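What the coordinates show
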Amino acid sequence: MLPLKTVKSVIKVKKLAKYYDKNVAVDQVSFEVGDGEIFGLLGPNGAGKTTIISILATLLRPTSGYAEVAGISVGGNRDALRRQIGIVFQEPALDTKLTGRENLQFHAMMYGLAKHERRERIERMLELVDLQDKADLLVEKYSGGMKRRLEIARGLVQHPRVLFLDEPTLGLDAQTRRHIWDYIRRLNREERVTVMLTTHYMEEADFLCDRVVIIDKGRIAAMDTPARLKDILGGDIVNLAVPEGGEPLMNVLKDRPWIKASRLHDGQLSLTMVQGDKRIPELMQTAVQTGTRVTAVNLHKPSLEDVFLHFAGRSISEEETGHDAQFRFVRHGGRR
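Below, the structure is looked at part by part. (Residues numbered from 1 in each chain as written. Predicted model: local features only at pLDDT ≥ 70, side-chain atom pairs only at ≥ 80, totals over all residues. Heavy atoms only, no water.)

Another aspect to go through is the sheet that holds strand E7 (residues 162-166). Pairing is mixed in the open sheet, where 6 strands are placed in the order E6-E7-E8-E3-E9-E10. The open sheet has two edge strands, strand E6 (85-88) and strand E10 (219-224), and neither has a second partner. Sheet twist, expressed as the average angle between the axes of neighbouring strands with direction ignored, equals 15 degrees. Two elements, E7 and strand E8 (residues 194-199), share 5 bridges in a ladder whose sense is parallel. Its bridge partner lying in E8, Leu-165 is registered against Leu-197. (Pairing = 2+ DSSP bridges. Helix = DSSP H or I, 4+ residues; strand = E, 2+ residues; numbered from the N terminus. Axes fitted to C-alpha atoms, helices over the stretch in contact; angles between N-to-C directions.)

Quick look at the structure:
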């Protein structure tokens, strides 16, 4: 993937906002997506990801700001813009009383594809998502993963420049999610289609995306490649299991220059630090000195979950379950 500045932008968003009365869904968001890029909107439910996709797909009108897809403003010729895009929604939108092939045929007819082109295109899409042998089976007999693959194929039938995927693997098991990721990578490469997806799965964004925007409460918290975002933390993550409480230990450690951030929640003290592997003995000595019982230690390199925590002060998983007010977070240096 070339740097964005050397690639033509197929999506442009500038100071985009969407308000519902006093509720802010999207707040002054700006970004560009390069032609052929896999671009991810990463954040918890309610962060504004789906709203942004809906505006770009002309399903919602923005309150203010500007956006365009394939050189067409979202406030301009909506029919022309829609011919340039495919979209896969969170909720299934297939006719389960039709076969997989019939679903694709109906969609291709809606887009006005000629009969010979329609036949070739449908066969190509079935091959791309490995559904040739299931094409004439009623969709009601498809598994969840097969339905998702068929929806992706349907979104590509008219050969769009941009494919929007809204939580493409939501509700699927881990193995099926991996297969869907492989199909997305393959279609991006073979169909030369720009992909913009929303997700709250950290591993999904890390595996798939050339670049990621982290969305928090309608605003962009950070934007870059997954690797560079993880490099922002510039250290290791050490988790200490402190079932009897770790506040005394955290209070002592926060003044150490090699501690960049600390977080105490639900019997876990999470520390972002420099050279974590070499600091573990000192951590354990300090734990003894403060009377803190440590029952387990884990060290890992920063993940996108850690990046979200760095910028938002809570993890996406906690935001999803509504428990973000039940822990204390302390950052030492850097941005909030």
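The description of an aromatic ring pair uses the distance of the two centres, along with the angle that the planes make with each other. A full pass over the atoms with the stated rule returns 2 aromatic pairs. Ring centres of Phe-31 and Phe-39 lie 5.2 Å apart, and the angle between their planes is 20 degrees; this geometry places the pair in the stacked category. Accessibility assignment for this pair places Phe-31 and Phe-39 in one class, buried. The ring of Phe-207 has Arg-178 sitting right over it, with the charged end atom 4.7 Å from the ring centre. Sitting above the plane of the Phe-207 ring, Arg-185 keeps its charged end 4.5 Å from the centroid. (Phe/Tyr/Trp six-rings, centres within 6.5 Å; stacked < 30°, edge-to-face > 60°. Buried < 20%, exposed > 50% of the residue type's maximum accessible area, 1.4 Å probe, protein only. Lys NZ or Arg CZ within 6 Å of the ring centre and 35° of its normal.)

On to the pairing of strand E2 (residues 23-34), then. The pairing of strand E1 (residues 9-20) with E2 spans 8 bridges and is classified as antiparallel. Bridge pairing in E2 places Val-13 opposite Phe-31. Where E1 folds back on E2, the antiparallel hairpin that results is connected by 2 residues, among which Asp-21 adopts a positive phi of roughly 55 degrees.

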